[in-house]
Amino acid sequence: MLSITPDTVALGAARKGVITAGFSPVADDARAINGTVGDITSADPRMTARNVNVYYGDKLAINNVSLDIGVNEVIAMIGPSGCGKSTFLRCLNRMNDTIDICRVEGEIRLDDQDIYDSGLDVVPLRAQVGMVFQKPNPFPKSIYDNVAYGPRIHGLTSNKNDLDEVVEQALLKAGLWDEVKDRLDEVGTGLSGGQQQRLCIARTIAVAPEVILMDEPCSALDPIATARIEELIDELREQYTIAIVTHSMQQAARVSQRTAYFHLGELVEVGKTDDIFTTPRHRLTEDYITGRFG
Amino acid sequence: MSNTLLILILLGLMALAYRLGMRRSQRLVGGPGGVRDLHSLPSYYGFFTAIWCGLPALLVLFLWVSLQSGVIRDLVIADLPEAVRTLPPAQLGLVINDIQNLAQGNIVSGEVSLEMERAAAHYQRLRQTSFAASVVVVLSLALLGLSVGWRLVSPKFRARNRVESVIKWLLVGCSTIAIFTTLGIVLSVLFESIRFFEMVPIGEFLFGLDWSPQMAIREDQVGSSGAFGVIPLFAGTLLIALIAMLVAVPIGLMSAIYLSEYAGARFRAWAKPLLEILAGIPTVVYGFFAALTVAPFIRDNGALLGLDVSSESALAAGLVMGIMIIPFISSLSDDVINAVPQSMRDASLGIGATHSETVRKVILPAALPGIVGGILLAVSRAIGETMIVVMAAGLSANLTANPLQSVTTVTVQIVTLLVGDQEFDSPKTLAAFALGLLLFLITLVLNVVALHVVRKYREAYE
Ligand SMILES: Nc1ncnc2c1ncn2[C@@H]1O[C@H](COP(=O)(O)OP(=O)(O)O)[C@@H](O)[C@H]1O
Ligand SMILES: [Mg+2]
């Protein structure tokens, strides 16, 4: 049956008011382009995706998705598993290039630069658009070397002192410095799960990205480590643009300003997080956030 | 009638016992419908009866055959004239050999005397009696066992458990045989080596710089001092192994990287088996490839460069051995590289590293312990390899680091020490055992270290 958590109960109560006020599955005036409900645009976009299709072989995994990701905002992507959230996220820094059978159509821009332009190099792109993965994946190297990996690859620093500074700043921003400053040469894989994930965030931050993509960054963590990461996301928002995939609606509600709901490869509804969770306008979104399926 | 026929008859009896036991179990519960009332399936009762029929009989036959020749020999000796009986053991052995040969109609050394004829006839008679007795004993034992097993069959009888435990003991027996054979070989090598070290001091063997195992047979013979310093052999072995590794490690490792990281699935599907075929080529084929193609090629090209290359060079043997070892390194490395989790690659690529940076800075370091393990296994293979070096590296025990000269290896010397007619108690022959022991110890240590490293590595990623 339904698994109703305190949050969804509260949201459900709020929604009831909407229903009595004459809820309709799709408000006609709000029907945006491509069948997505809500406003896909952002006032100050960092990244813009337009009419994106993604195929794995012959199989269409993302169907005609358009979405803006605004400067200094956290946008959450939710939806049942297999609906293409990760696939869409991986388009944003061209990680899908590493999958042979994957083909991306449409247009994705970062600061008005087409990232799928044939002349564009993925190396600087992936420095600008960093990624944090579902399972913490520190390298089996020292904590220091983990964070220094990106700066070294990209030649960001010219001497050891600069590199030390970059590593320290990244660890500070990731909220890990105090815990590891005395043991930077221990292996990163020896940390706890939550610390490992913050190490991975530090590793991403160390190359000074503009956008950070996070694919279910807390799904392998316990509630306390999760809360820690969520706080961190809130702090990071001031300097970075963050797109986070999550399977937890509470998490989306806590950390994001905008929320996008995906369903079977389509972007069903986008809107301010508060609106999505209180007054969803599409029947599928409503079903999902009230726990009717997922 | 021979023992083979006897065994065939026994097998026939066992098949019969199987059917009888199975039938009886079915009949006792009133036909196939009553199988539920049996403790075990009918076939287990069949096996049980067959085991009772065959096992004791086969054991007795085995004991009989292994003891019979000794007993017969003693009886024949006891019947020989006093003069012959008191000969020293070695000569007595020759006489017995002659008698046996005579009895079997083979060629005999020397004249055939009347006594020999008599002894041979005696020998023949004894053998026939013994065989007839064994047939009677074994067959009656089989029939007895059959009837015992058959009688034991009853619905409540737990035939399955009995059969299972017999199978278990059979397996225990087989593994014991495997272990004890290995142990026996090691011990015999060890004891022969100890005999060798009684004649040649162990320090001289391990640290001597001279290897020339020819012993003087006559007092005044020149150039056959019998020096048993093992250093030149190990230097040669290591030189060849080093050349082989210099060839095999880079090529093997890089082809593994290409196959696992860059190649498409379709290319890998046929390239990998092709590479592994290299491992299936008999080493003697590599040997003549080295001796007939590579060695002359190196010598001719060396001559063009003004180098003095001997026609049997360490380089030729090492190169070809390296080619032989490539598949070891590449397939082991391929496995460990594939075992590096995809998440490591994602992490590196996701931060903007290129493919080759990812390979160099993340994948290879992560896979390194496993690769090292693979390399150590390959080294121990290279050190133990014989055929290629026998054919391509030569026999002269030069102590040199020059790969263009001919050197020899431990395995080659073992071969040459034991080929041909040898006295079995001269230091020359016994030296082979000491070399074998040393080689065994070295490869053992290498293998233990390698397996340890590989296992450690497996644990690192769950
Ligand atoms: N590497 C891949 N190869 C083939 N199909 C894939 C691959 N990755 C994902 N897919 C398919 O694409 C669809 C979307 O997957 P994904 O983006 O991982 O969903 P989500 O992250 O929302 O759970 C799924 O149907 C999945 O089976
Ligand atoms: Mg996913």
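Here is a short report on the structure shown in this document.

Looking only at helices and strands, chain B has 16 helices and 2 strands in total. Relative to a compact globule of 462 residues, whose C-alpha radius of gyration would be 23 Å, chain B shows 32 Å and is clearly more extended. Here chain B, with 462 residues, has 40% of them falling under the buried criterion. The contacts in chain B between residues at least 6 apart in sequence include a share of 72% that link residues at least 24 apart.

Our focus in this paragraph is the overall build of chain A. Helix and strand counts for chain A come out as 11 helices and 10 strands. A buried classification covers 52% of the 294 residues belonging to chain A. Sequence separation of at least 24 residues holds for 68% of the intrachain contacts in chain A that already meet a minimum separation of 6. Per element, the accessible surface of chain A, about 12,600 Å² overall, is 49% carbon and sulfur.

So, on to the site of ligand 1. Residues and elements named next belong to chain A. In the neighbourhood of ligand 1, the contacting residues comprise Tyr56, Lys59, Ala61, Ser81, Gly82, Cys83, Gly84, Lys85, Ser86, Thr87, Ile99 and Ile101. Tyr56 has a polar side-chain atom sitting 3.3 Å from a nitrogen atom of ligand 1. Here an oxygen atom of ligand 1 and a backbone polar atom of Cys83 are 3.3 Å apart. Within the complex, 64% of the 560 Å² of free accessible area of ligand 1 lies under protein. Secondary-structure elements contributing two or more residues to the shell around ligand 1 are β2 (59-70) and α2 (85-91).

So, on to the side chain of Thr409 of chain B. Residue and element names in this part refer to chain B. Position of Thr409 relative to the elements: it lies in the loop between α14 (387-392) and α15 (410-418). By relative accessible area, Thr409 is classed as buried at 3%. At a separation of 3.1 Å, a polar atom in the side chain of Thr409 contacts the side chain of Thr411. Ignoring sequence-local partners within four residues, the contact set of Thr409 consists of Leu233, Gly236, Thr237, Ile240 and Val389.

What follows is about the sheet that holds strand β10 (residues 266-272) of chain A. Residues and elements named next belong to chain A. The 6 strands lie next to each other as β6-β7-β8-β3-β9-β10, forming an open sheet whose pairing is mixed. Every interior strand has two partners, whereas the edge strands, β6 (129-132) and β10, have only one. On average, each strand axis in the sheet is inclined to that of its neighbour by 20°, with strand direction left out of account. The strands that helix α8 (residues 223-236) touches are β3 (74-78), β7 (211-215) and β8 (241-245); relative to β8, the one it contacts most, it runs at about 150°.

Moving on, we come to the environment of Gln100 of chain B. With respect to the helices and strands, the residue Gln100 of chain B is situated in helix α4 (residues 89-103). In the structure, Gln100 of chain B is positioned 19 residues away from Ala119 of chain B in sequence and 9.1 Å away in space, judged by C-alpha atoms.

Right, let's talk about the pattern of salt bridges for a bit. Residue and element names in this part refer to chain A. This structure, assessed with the given rule, holds 22 salt bridges over all chains. Here Arg46 makes a salt bridge to Glu210, at a shortest N to O gap of 3.6 Å. On the criterion of sequence distance, the pair formed by Arg46 in strand β1 (residues 45-56) and Glu210 in the loop between α7 (193-205) and β7 is long-range, its members being 164 residues apart. Its relative accessible area of 19% is what places Arg46 among the buried residues. Residue Arg254 is joined to Glu230 by a salt bridge in which the shortest nitrogen-to-oxygen separation is 2.7 Å. Residue Arg254 is located in helix α9 (residues 249-255), and its partner Glu230 is located in helix α8; the two are separated by 24 residues in the primary sequence. Looking at Glu230, the relative accessible area reads 9%, which means it is buried. By sharing partners, the salt bridges in this structure join Arg46, Asp111 and Glu210 into a single network.

Residue and element names in this part refer to chain A. Tracing the sequence through the fold places Cys218 in the loop between β7 and α8. Sequence separation between Cys218 and Tyr55 is 163 residues; the distance between their C-alpha atoms is 27 Å. The contact partners of Cys218, leaving out residues within four places of it in the chain, are Thr226, Ile229 and Gln251.

All names here are of chain A. Most of β7 sits out of view: 5 of its 5 residues are buried. Alternating positions in β7 separate into two faces, Val211, Leu213 and Asp215 on one and Ile212 and Met214 on the other, with burial throughout. Note: β6 against β7, 4 bridges, orientation parallel. Its bridge partner being in β7, Val129 is matched across the sheet by Val211. For the crossover that starts at β7, traverses α8 and ends in the parallel β8, the hand is right-handed.

Taken residue by residue, the interface counts 18 residues in chain B and 23 residues in chain A. A per-residue breakdown of the area chain B buries against chain A is headed by Gly350, Ile351 and Lys361 of chain B, which together make up 35% of the total. The interface formed by chain B and chain A holds 5 residue pairs in polar contact (both at pLDDT 80 or more) in total. If you list the elements that add at least two residues to the side of chain B that touches chain A, you get α12 (342-350) and α13 (355-384) of chain B. Looking at the side of chain B that touches chain A, the element that brings in the most residues is α12 of chain B, giving 7 residues.

With that settled, consider helix α5 (residues 160-173) of chain A. Structural remark: α-helix, 3.6 residues per turn; residues separated by three or four positions point the same way. All names here are of chain A. For α5, spanning 14 residues, the distance from its first C-alpha to its last is 20 Å, which sits close to the expected 20 Å at 1.5 Å a residue. Each element contacted by the buried residues of α5 is listed here: α4 (143-154), α6 (177-180) and α7. One or two residues past the end of α5 sits Gly175, with phi positive at roughly 70°.

Let us now look at the nonpolar core. Ranked by internal contacts, the top residues of the largest apolar core, which has 62 residues, are Phe196, Ile240, Met321, Ile325, Ile388 and Leu435 of chain B. In this structure Ile388 of chain B touches Thr283, Tyr286, Gly287, Ala290, Ala317, Val320, Met321, Met324 and Ala393 of chain B, once residues within four positions along its chain are discounted. One finds Val74, Tyr144, Ala170 and Ala202 of chain A within the second-largest nonpolar core, a separate group that totals 43 residues.

Looking now at α7 of chain A. Residues and elements named next belong to chain A. For α7, with 13 residues, the first-to-last C-alpha span of 18 Å sits near the 18 Å given by 1.5 Å per residue. Of all 13 residues in α7, 12 are buried, a share of seventy percent or more. Among the residues of α7, those classed as buried are Gly194, Gln195, Gln196, Gln197, Arg198, Leu199, Cys200, Ile201, Ala202, Arg203, Thr204 and Ile205.

Another point: the sheet that holds strand β4 (residues 102-110) of chain A. Pairing within the open sheet is antiparallel, and its 4 strands lie in the order β2-β1-β4-β5 (chain A). One side of each edge strand has no neighbouring strand; the edge strands of this open sheet are β2 and β5 (113-114) of chain A.

For the structure shown, the criterion picks out 13 aromatic pairs over all chains. Relative to Tyr149 of chain A, the ring of Phe139 of chain A has its centre 4.6 Å away and its plane inclined at 50°; by these criteria the two rings are tilted. Taken together, the positions of Phe139 of chain A in the loop between β6 and α4 and Tyr149 of chain A in helix α4 put the pair 10 residues apart, joining distant regions of the chain. Tyr149 of chain A gets classed as buried once you look at its relative accessible area, which sits at 4%. Aromatic pair Tyr258 of chain B and Tyr262 of chain B: ring centres 6.5 Å apart, planes at 5°, arrangement stacked. On the criterion of helical spacing, the pair formed by Tyr258 of chain B and Tyr262 of chain B is a turn pair, its members being 4 residues apart in helix α8 (residues 231-262).

The next subject is empty space enclosed by the protein. Scanning the model with the defined rule gives 4 cavities of 30 Å³ or more in all. Looking at the largest cavity, its volume works out to about 50 Å³. Residue lining of the largest cavity: Gly130, Met131, Phe133, Arg203 and Thr204 of chain A together with Ala347, Gly350 and Ile351 of chain B, and that is the complete set. Breaking the lining of the largest cavity down by element, the ones donating at least two residues are β6 and α7 of chain A together with α12 of chain B. Looking at the lining of the largest cavity, its residues break down into 4 nonpolar, 3 polar and 1 charged. The computed volume of the second largest cavity comes to approximately 40 Å³.

Thresholds applied
- Residues numbered from 1 in each chain as written.
- Chains lettered and ligands numbered in written order.
- Predicted model: local features only at pLDDT ≥ 70, side-chain atom pairs only at ≥ 80, totals over all residues.
- Heavy atoms only, no water.
- Helix = DSSP H or I, 4+ residues; strand = E, 2+ residues; numbered from the N terminus.
- Rg over C-alpha atoms; globule rule 2.2 N^0.38 Å.
- Buried < 20%, exposed > 50% of the residue type's maximum accessible area, 1.4 Å probe, protein only.
- Contact = heavy atoms within 4.5 Å.
- Areas by Shrake-Rupley, 256 points an atom, 1.4 Å probe, with all protein chains shown as cover.
- Near = heavy atom within 4 Å.
- Polar contact = N/O pair within 3.5 Å; in protein donor to acceptor, adjacent residues only side chain to side chain.
- Pairing = 2+ DSSP bridges.
- Axes fitted to C-alpha atoms, helices over the stretch in contact; angles between N-to-C directions.
- Salt bridge = Lys/Arg side-chain N within 4 Å of Asp/Glu carboxyl O.
- Right-handed = clockwise from strand over helix to strand, strands pointing away.
- Buried area = accessible area lost by both parts, 1.4 Å probe.
- Expected span 1.5 Å × (residues − 1).
- Core = buried A, V, L, I, M, F, W, Y, C linked by side-chain atoms within 4.5 Å.
- Phe/Tyr/Trp six-rings, centres within 6.5 Å; stacked < 30°, edge-to-face > 60°.
- 1 Å grid on protein atoms, 1.4 Å probe; cavity = no way out; pocket = protein on both sides within 12 Å on 5 of 7 lines; lining within 4 Å.
- Points joined across faces, edges and corners; volume = space filled by probe spheres on them.
- Nonpolar A, V, L, I, M, F, W, Y, C, P; charged D, E, K, R; others polar.

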